[in-house]
Amino acid sequence: MPLKTSDLVVATDSLNKAYQLGDVEVEVLKGITFKVARGEFVAICGPSGSGKTTLLNIISGIDRTTSGKIIVLGEDLTVQDENFLADFRCNHVGFVFQSYNLVSTLTVAENVAFPMEWSRKPEEEVETRVAELLETVGLQHRANHFPAQLSGGEQQRVAFARALANDPELILADEPTGNLDTKNGQKITQMLRTLKANGKTVIVATHDPELMQLADRTVCLEDGRIASLNE
Amino acid sequence: MSKAAFPVNDLVRRRLQTSLTVVTLTLSVASTLFLLLFSRRIGLGITSAGNALTYGLSAVFSQFLLFIGVLIFAVGAVITSFIVFLIMKQRTRDFGLIKAAGCPNGLVFGYFMTELLTVTFLGCVSGVALGFAADFAATSMFQFQAYQATPDLWLAPLVFAAFFVLALIFGTKPMLDAAKVSPIKALSPVQYFGLTTGNKLKPLSRAGLTLKIASRSLFRRQSASVRIVILLSTVFVLLTVSISGGVIANNTSRSWVENAIGSNVVAIAHESMGVQYTQLLAKFSGATENGDFNYLNAELAVPDILLDELEAIQGIETVDARLILKAHIREVSNFTIDPETLATLPVGGSREGDSLIVGVDPQKVTATWSIKGRFLNAEETGEAVIGDSISQTMFSPDPQAGIHFSDPLSQGIRLQNGSFSIVGVCIDPINNGKVAYVSIEKLQNLTGISNANIVLVKLDPAADRSALLAQIKNEVNGVNSAFSVFELEEVLQENLDFLGSVWLTVMFLPLFTLMSAALCLIGYTMLAVEEQRQEFAVLRAMGAKPKTVVTILAVQGLIVLFSSVAVGISLGVIITLMILMPQPLVTSFIIIEIAGWLLAALVGMFLMSLWPAVRFAKKPILKILS
Ligand SMILES: Nc1ncnc2c1ncn2[C@@H]1O[C@H](COP(=O)(O)OP(=O)(O)O)[C@@H](O)[C@H]1O
Ligand SMILES: [Mg+2]
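Criteria and thresholds
Residues numbered from 1 in each chain as written. Chains lettered and ligands numbered in written order. Predicted model: local features only at pLDDT ≥ 70, side-chain atom pairs only at ≥ 80, totals over all residues. Heavy atoms only, no water. Helix = DSSP H or I, 4+ residues; strand = E, 2+ residues; numbered from the N terminus. Rg over C-alpha atoms; globule rule 2.2 N^0.38 Å. Buried < 20%, exposed > 50% of the residue type's maximum accessible area, 1.4 Å probe, protein only. Contact = heavy atoms within 4.5 Å. Areas by Shrake-Rupley, 256 points an atom, 1.4 Å probe, with all protein chains shown as cover. Lys, Arg positive; Asp, Glu negative; His and termini not counted. Charge placed at Lys NZ, Arg CZ, Asp CG, Glu CD. Pairing = 2+ DSSP bridges. Expected span 1.5 Å × (residues − 1). Disulfide = S-S within 2.5 Å. Axes fitted to C-alpha atoms, helices over the stretch in contact; angles between N-to-C directions. Parallel < 35°, antiparallel > 145°, perpendicular 65-115°, else oblique. Left-handed = near helix turned anticlockwise from the far one by under 90°. Nonpolar A, V, L, I, M, F, W, Y, C, P; charged D, E, K, R; others polar. Salt bridge = Lys/Arg side-chain N within 4 Å of Asp/Glu carboxyl O. Near = heavy atom within 4 Å. Polar contact = N/O pair within 3.5 Å; in protein donor to acceptor, adjacent residues only side chain to side chain. Core = buried A, V, L, I, M, F, W, Y, C linked by side-chain atoms within 4.5 Å. Domains from an automatic or database assignment.

## A closer look at the overall build of chain A
Argument step 1. In terms of helices and strands, chain A carries 7 helices and 11 strands.
Argument step 2. Taking 2.2 N^0.38 as the reference for a compact globule, 231 residues should give roughly 17 Å; the C-alpha atoms of chain A span a radius of gyration of 17 Å, in line with that estimate.
Argument step 3. Along the longest, intermediate and shortest principal axes, the C-alpha atoms of chain A span 45 × 40 × 40 Å.
Argument step 4. The 231 residues of chain A split such that 57% are buried.
Argument step 5. For chain A, the proportion of contacts with a sequence separation of at least 24, taken over those separated by at least 6, is 70%.
Argument step 6. Accessible surface, chain A: about 9400 Å² in total, of which carbon and sulfur atoms supply 48%.
Argument step 7. One finds the centroid of the 22 positive side-chain charges in chain A at a distance of 2 Å from the centroid of its 32 negative side-chain charges.

## Quick notes on the pairing of strand β2 (residues 24-32) of chain A
All names here are of chain A.
Argument step 1. Note that strand β1 (residues 8-21) and β2 share 6 bridges and pair antiparallel. By the bridge assignment for β2, A18 is matched with E27.
Argument step 2. Between the antiparallel neighbours β1 and β2 lie 2 residues, among them G22 with a positive phi of about 65°.

## Thoughts on helix α10 (residues 271-282) of chain B
Argument step 1. Given a rise of 1.5 Å per residue, 12 residues ought to cover 16 Å, and the 17 Å separating the end C-alpha atoms of α10 of chain B matches this to within 8%.
Argument step 2. Within α10 of chain B, the full set of buried residues consists of M273, G274, Q276, Y277, L280, L281 and A282 of chain B.

## Points about the state of the cysteines
Residue and element names in this part refer to chain A.
Argument step 1. In total, this model carries 1 disulfide over all chains according to the counting rule given.
Argument step 2. Disulfide pairing places C45 opposite C220 at an S-S distance of 1.9 Å. Between C45 and C220, the disulfide has an S-S torsion of -65° and is therefore left-handed. Of this pair, C45 sits in strand β4 (residues 41-45) while C220 sits in strand β10 (residues 217-222), placing them 175 residues apart in sequence.

## Some thoughts on the packing of helix α5 (residues 152-164) of chain A against helix α6 (residues 182-197) of chain A
Residue and element names in this part refer to chain A.
Argument step 1. It is the contact of α5 with α6, at a shortest axis distance of 9 Å, that shows an interaxial angle of 15°. Of the possible angle classes, the one that applies to α5 and α6 is roughly parallel. Between α5 and α6 the crossing geometry is right-handed. Two secondary-structure elements touch here, α5 through G153, Q156, R157, F160 and L164 and α6 through N184, K187, I188, M191, L192 and L195.
Argument step 2. When the residues that make up the contact of α5 with α6 are grouped by side-chain class, the tally is 6 nonpolar, 3 polar and 2 charged.

## Some points on the pattern of salt bridges
Residue and element names in this part refer to chain A.
Argument step 1. Summed over the entire model, instances satisfying the criterion amount to 21 salt bridges over all chains.
Argument step 2. We note a salt bridge from K196 to D216, for which the minimum N-O separation is 3.4 Å. Placement of K196 in helix α6 and of D216 in the loop between α7 (209-214) and β10 is noted, with a sequence separation of 20 residues between them.
Argument step 3. By relative accessible area, which is 29% here, D216 ends up partly exposed.

## Thoughts on the site of ligand 1
Residues and elements named next belong to chain A.
Argument step 1. Near ligand 1 you find Y19, L21, V28, P47, S48, G49, S50, G51, K52, T53 and T54, and these make up its full shell.
Argument step 2. One of the backbone nitrogen or oxygen atoms of S50 is found 3.3 Å away from an oxygen atom of ligand 1.
Argument step 3. For ligand 1, whose accessible area on its own is 560 Å², the fraction buried by protein is 64%.
Argument step 4. Only β1 and α1 (52-60) provide two or more residues apiece to the shell around ligand 1.
Argument step 5. In terms of residue class, the shell around ligand 1 is built from 4 nonpolar, 6 polar and 1 charged.

## Section: the nonpolar core
Side chains of nonpolar character tend, in soluble globular proteins, to be buried together.
Argument step 1. Of all hydrophobic cores here, the largest spans 215 residues; its most connected members are I59 of chain A together with L310, Y437 and I472 of chain B.
Argument step 2. When residues in this core are grouped by element, the largest group, 22 residues, is from helix α15 (residues 489-541) of chain B.
Argument step 3. Here this core gathers at least three residues from each of two domains, domain 1 (5-254 + 498-625) and domain 2 (263-487) of chain B.
Argument step 4. What I472 of chain B contacts, discounting residues up to four positions off in sequence, is I268, L310, I313, I316, L459 and V485 of chain B.

Below, the structure written as structure tokens:
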């Protein structure tokens, strides 16, 4: 199901997000308007609590806006139901969480495979693709291990392989190197570099200077607003 | 935060879990108490008071109630231990968190102990209240007015104490375990499953994936999973025994009563005798007959000419003339030789009692009784068949009276100057089974009464009933206008309805248990949701639909249910076959009926267990993750 073709992968207009905490309404995103073109590599920076994760969640369709517009890959996400969003996330967006979030009851191979199985790929295709992805992240020898048996860096690489499983047009990563040591961080940076070279659209929330260097453009958030746009 | 305020606030905050636990406890306490109260009224009560049913039937009830009672107590115990285990298991994490925050062990233990005590106390108190209410409702709702008496109040503290102690023991165990766990461990969700076999990459099909997540999660929750399977197996044993045993016993006892009264039978007698006879039959369902009735009154004598005329009517199959009276009878003892010592041993004693005596022509009876032994022989006038209640009160061993052996079939009865040897024991609702059938000829000789005092007539079912009845009434009126025709269908129906309502009430018990088991299954699903919430949120974030989450939880529920059903139903069938009464009535319809009930219970429990899953799947992903 190819979505509407357009040069814009993400387009938001005065996007707002507020959480209700008891009687208090906490505004987390305030009038975010920005665009990401096809093939762009965008870094989102900003202090902790500035709304980076919230913004990525909304772009991926995991979370919903309070008001404002958001169009991703030509789809207006504000009008879609849960089942549509599930398919959308499964087939068109690859998401890497800050805390890896692997499914603890599934092995490494199964963790990489399940998004493909939901998009009804034939079994042989799933098998070859899983092998290929695990090789890319250098974990083919860990295929039958459970997440709890892996280190943080290894888990993050599995999470990357999983995000790429359905060959999504848009890849979102939330501080992918934030919890890792330099060596593991560099492996992740290398993977993102390859994605960029392959012409994927990538949005990364990060403080990592190396990752920001890689970006075509950096968007800085401060207190829920766009503070500055570089390059 | 004061010491007492924390546990109370905590319970209120976890409203759903708390009320689930309290309700489940309430139901198991209530069903156990109800059973004890009710069985004392109906089963045991009848046996000793002997004011309704017959001995044989109340024995069947008592046996069932006793058995179901044991099972219900077992189920109640398992359920109680499970539910407190569940609520405390869910608190392991909180326990660790509070400890990690620097709260001393003793204080944490105190908090959770207060919670456990509060929940257990609430559950047991409301259980006792509900148990009495159910007993009151059952007694006044159906036709049990005959059994209304003050309930045995002493049962309440007994049941209360038993369950309270049980809940405390089982609830404290996971709490002690949790107290030993280090805060780090309580906080970390790390779990090991070992390695899957083989090194070949083998991603699964979609259905396989669901099954894999489901079964591995069941395995991870091992202790809870094993407990819920044990619990549900016990419940299904109980359900199988009570439903199949109940349905079979109900149908069998109905057919006993039906056959003893006879279908398509009308009675013809003097107005007062007819009323007396109907009341004797209805005594089974709680009616009382006239105690001073004079059966030998000359007015009651059925004229021979009436018998002749009835014989002549087309469409009448049998004319069963009977002489009925009340008399004092005495037990006739016998001797037997001990095969080892060759000593002579007395069988029975010389007990006495009042009984209804019915003289019949053995060749012309309208009924077919359920009999141990055989019915009267036409050639032999010195035989008697006694009702099961007489057999129980006058012909069973009574060591206190020095009677160590007794067997009605090798003994006899004495009536005035005549003696009869007993050839059979029958089940008959008339006069609550306190009856003896003898040859009418011999009874007439003994009493000097030469006529019958009632005639039972069996109508040809193919004949035009109303025309036939009109003809009979006409003949009867022509002979003696003080005589009337009494249709027995109504009494029969009353007795059958009574039996039906007794069984219906007995069926209340498994229903109670089923409900508490369903609540436990809901509790188990809630535990699953709680433990797997992170996992489900990830699945959802990666593109799983809410439906997929429900499916995984449903598969877990099904695995648990089916393993319990397999164990429970097979054990239940074995037990049913073992404790079933002699001569059970089993038709294919009855088997379908039993299977239908069990299936309904299964489906009902499954659907109920889905409720927390569906509720959970509807939540937004970020709500789940947070
Ligand atoms: N579910 C929630 N409920 C209430 N407030 C939230 C929730 N999620 C995030 N927030 C708040 O929104 C703000 C932005 O959070 P987040 O997007 O995670 O920031 P960042 O990723 O830049 O550190 C924070 O102040 C956080 O406390
Ligand atoms: Mg963040």
